[in-house]
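Overview (structure and organization)
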Amino acid sequence: MKLFFIVNPAAKNGYSLRIWKKIEKRIINEAIEYEVYFTKHAGDGSRQVRNILQNTKEKVLIIAVGGDGTIHEIINGVYPNKNAIISYIPAGSGNDFARGYRTPRNPKQALEHNLRLLAKNKTITEFYKVDCGLFQVEDSTQGCFINNLGVGFDAAVAKVVNESKVKRLFNKFGLGKLIYILILIKELFNYQTSRIKLHIDGEEKIFENVWLVTISNQPYFGGGLKITPDAVVNDGRLDVIIVNNISRWKILFLFITVLWGGHKKIKGVNFAKGRKINIESEKQIPIHADGEYKGVDKVSVHVAEKAIAILNDLKTYE
Ligand SMILES: Nc1ncnc2c1ncn2[C@@H]1O[C@H](COP(=O)(O)OP(=O)(O)OP(=O)(O)O)[C@@H](O)[C@H]1O
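Below is a summary of the structure that appears in this document.

Here is what the cut-offs are and how they apply
- Residues numbered from 1 in each chain as written.
- Predicted model: local features only at pLDDT ≥ 70, side-chain atom pairs only at ≥ 80, totals over all residues.
- Heavy atoms only, no water.
- Axes fitted to C-alpha atoms, helices over the stretch in contact; angles between N-to-C directions.
- Helix = DSSP H or I, 4+ residues; strand = E, 2+ residues; numbered from the N terminus.
- Left-handed = near helix turned anticlockwise from the far one by under 90°.
- Contact = heavy atoms within 4.5 Å.
- Nonpolar A, V, L, I, M, F, W, Y, C, P; charged D, E, K, R; others polar.
- Buried < 20%, exposed > 50% of the residue type's maximum accessible area, 1.4 Å probe, protein only.
- Near = heavy atom within 4 Å.
- Polar contact = N/O pair within 3.5 Å; in protein donor to acceptor, adjacent residues only side chain to side chain.
- Areas by Shrake-Rupley, 256 points an atom, 1.4 Å probe, with all protein chains shown as cover.
- Domains from an automatic or database assignment.
- Patch = residues over 30% accessible without salt bridge, like charges linked within 9 Å, V, L, I, M, F, W, Y side chains within 5 Å.
- Salt bridge = Lys/Arg side-chain N within 4 Å of Asp/Glu carboxyl O.
- Core = buried A, V, L, I, M, F, W, Y, C linked by side-chain atoms within 4.5 Å.
- Phe/Tyr/Trp six-rings, centres within 6.5 Å; stacked < 30°, edge-to-face > 60°.
- Lys NZ or Arg CZ within 6 Å of the ring centre and 35° of its normal.

1. Topic: the packing of helix α1 (residues 15–29) against helix α5 (residues 107–120)
- Where α1 contacts α5, the axes come no closer than 11 Å and their chain directions differ by 35°. Remark: the crossing between α1 and α5 carries right-handed chirality. Between α1 and α5, the residues in contact are Tyr 15, Ile 19, Ile 23, Arg 26 and Ile 27 and Pro 107, Leu 111, Glu 112 and Leu 115, respectively.
- Here the contact of α1 with α5 is composed, by residue class, of seven nonpolar, no polar and two charged.

Here's what the structure looks like:
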């Protein structure tokens, strides 16, 4: 089995590149054969993965070095090909993938975890198949997500944070989380809620004054917020949270309770599970997939059951 690393040198302001240099030393010491690609710009990760998969019929192991945006690009390069097994060295700001898919959150431990599984079984049968979400924004972008897709307030915050010029500066001083919180508070006072029509497995539901609808394959979002505590990565269903009819101040409180999943008991926080979900809003509101902005319009989502293979201990999800 061939081993490829895809490194996003821009993740967490170059932190991922420093992590890569340490990884490289370790794998050269172990005399492991590998190839490495450095992404050159947004979208390049998917393109490089497609190139790798087009040029081989063998199974390959692709290890992402970066944050959730990097793993998002890799998954989009892999799906629907069945020849790739994915793994992850967390080296970005959020790293919700590691939390949700129960792989180590510390980069050094993640590398050791990968090396242990590689040494144990050279042909790699030690992988686990998990679901991913497929989305189509009407007349526009389509793709997959591995963590979550959100419509509304969270997507508006993600868009402003990603476009923010001061974000790099804050990241440089290890204050990436602070800029997120500051923008979240600013957006909290600007954001206009809207009426949303949802179809979950064919059943129509209308929600008034909606702050956000998030569809999730795993519990975590936004860098450690346990937004859908009951989400299971391989149950063939996606978890949906709808937050509506809540005052601005209560939303702030809600974001604090999300840290431990305490928001489940708050009035105005609704949960559902489904395989096929359509979201239609009365206003144009932003959409994100795995924290990457995807546009504004109707969006339809469905689950691709056990479509992605992840390198992990087989007992991890039992
Ligand atoms: N060479 C590059 N230069 C600039 N951006 C890049 C490059 N390669 C990839 N990207 C983009 O970097 C973005 C952020 O990547 P990622 O999420 O992995 O890191 P991060 O530090 O967690 O970032 P963020 O905090 O913005 O989520 C992704 O949208 C990806 O498309």
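Now that the structure is up, let's keep going.
2. Topic: unusual backbone geometry
- Here the bond from Tyr 79 into Pro 80 is cis, since omega is 5°, no more than 30 degrees from zero.
- Inspection of the secondary structure assignment puts Pro 80 in the loop between α3 (68–78) and β4 (84–90).
- Non-glycine residue Lys 12 carries a positive phi angle of around 45°.
- Following the sequence through the fold, Lys 12 ends up in the loop between β1 (2–7) and α1.
- By relative accessible area, Lys 12 is classed as partly exposed at 39%.
- The backbone of Arg 102 sits at a positive phi, close to 55°, despite the residue not being glycine.
- Along the chain, the position of Arg 102 falls in the loop between α4 (96–100) and α5.

3. Looking at the site of the ligand
- For the ligand, the set of nearby residues contains 21 residues, the closest of which are Lys 12, Thr 70, Glu 73, Lys 167 and Glu 292.
- Here an oxygen atom of the ligand and a backbone polar atom of Gly 67 are 2.7 Å apart.
- Here an oxygen atom of the ligand and a side-chain polar atom of Glu 292 are 2.6 Å apart.
- In the complex, 78% of the free accessible area of the ligand, which totals 630 Å², lies under the protein chains.
- Taken together, the residues that form the shell around the ligand break down as three nonpolar, twelve polar and six charged.
- Each of domain 1 (2–125) and domain 2 (134–305) contributes no fewer than three residues to the shell around the ligand.

4. Quick word on a nonpolar patch on the surface
- Taken together, Ile 181, Ile 185, Phe 189 and Trp 249 make up a surface patch of nonpolar side chains, about 420 Å² in accessible area.
- Ranked by residue count, the leading element in the nonpolar patch is helix α8 (residues 176–190), at three residues.
- You can see Trp 249 is positioned in helix α9 (residues 248–257).

5. Re the nonpolar core
- Among the nonpolar cores identified, the biggest contains 48 residues, and Leu 149, Phe 153, Leu 198, Ile 215, Ile 279 and Val 299 are the most heavily contacted of them.
- Looking at which element gives the most residues to this core, the answer is strand β9 (residues 203–216), with six residues.
- Setting aside chain neighbours within four positions, we find Phe 153 in contact with Leu 184, Glu 187, Leu 188, Tyr 191, Trp 211, Leu 212, Ile 251 and Phe 255.

6. Description of the packing of aromatic side chains
- Counted according to the given criterion, the structure contains twelve aromatic pairs.
- Pairing Phe 97 with Tyr 101 gives two aromatic rings, centres 4.6 Å apart and planes at 20°, and the pair type is stacked. The same class applies to Phe 97 as to Tyr 101, namely buried.
- Ring plane angle 85° and centroid distance 5.4 Å describe the contact between Phe 153 and Trp 211, whose orientation is recorded as edge-to-face. Remark: Trp 211 occurs in strand β9 and Phe 153 occurs in helix α6 (residues 153–163); sequence separation between them is 58 residues. In terms of burial, Phe 153 and Trp 211 fall into one category: buried.
- The ring of Tyr 15 carries Lys 12 above its face, with NZ or CZ at 4.7 Å from the centroid.

Taken by themselves, the reported measurements are silent on function.
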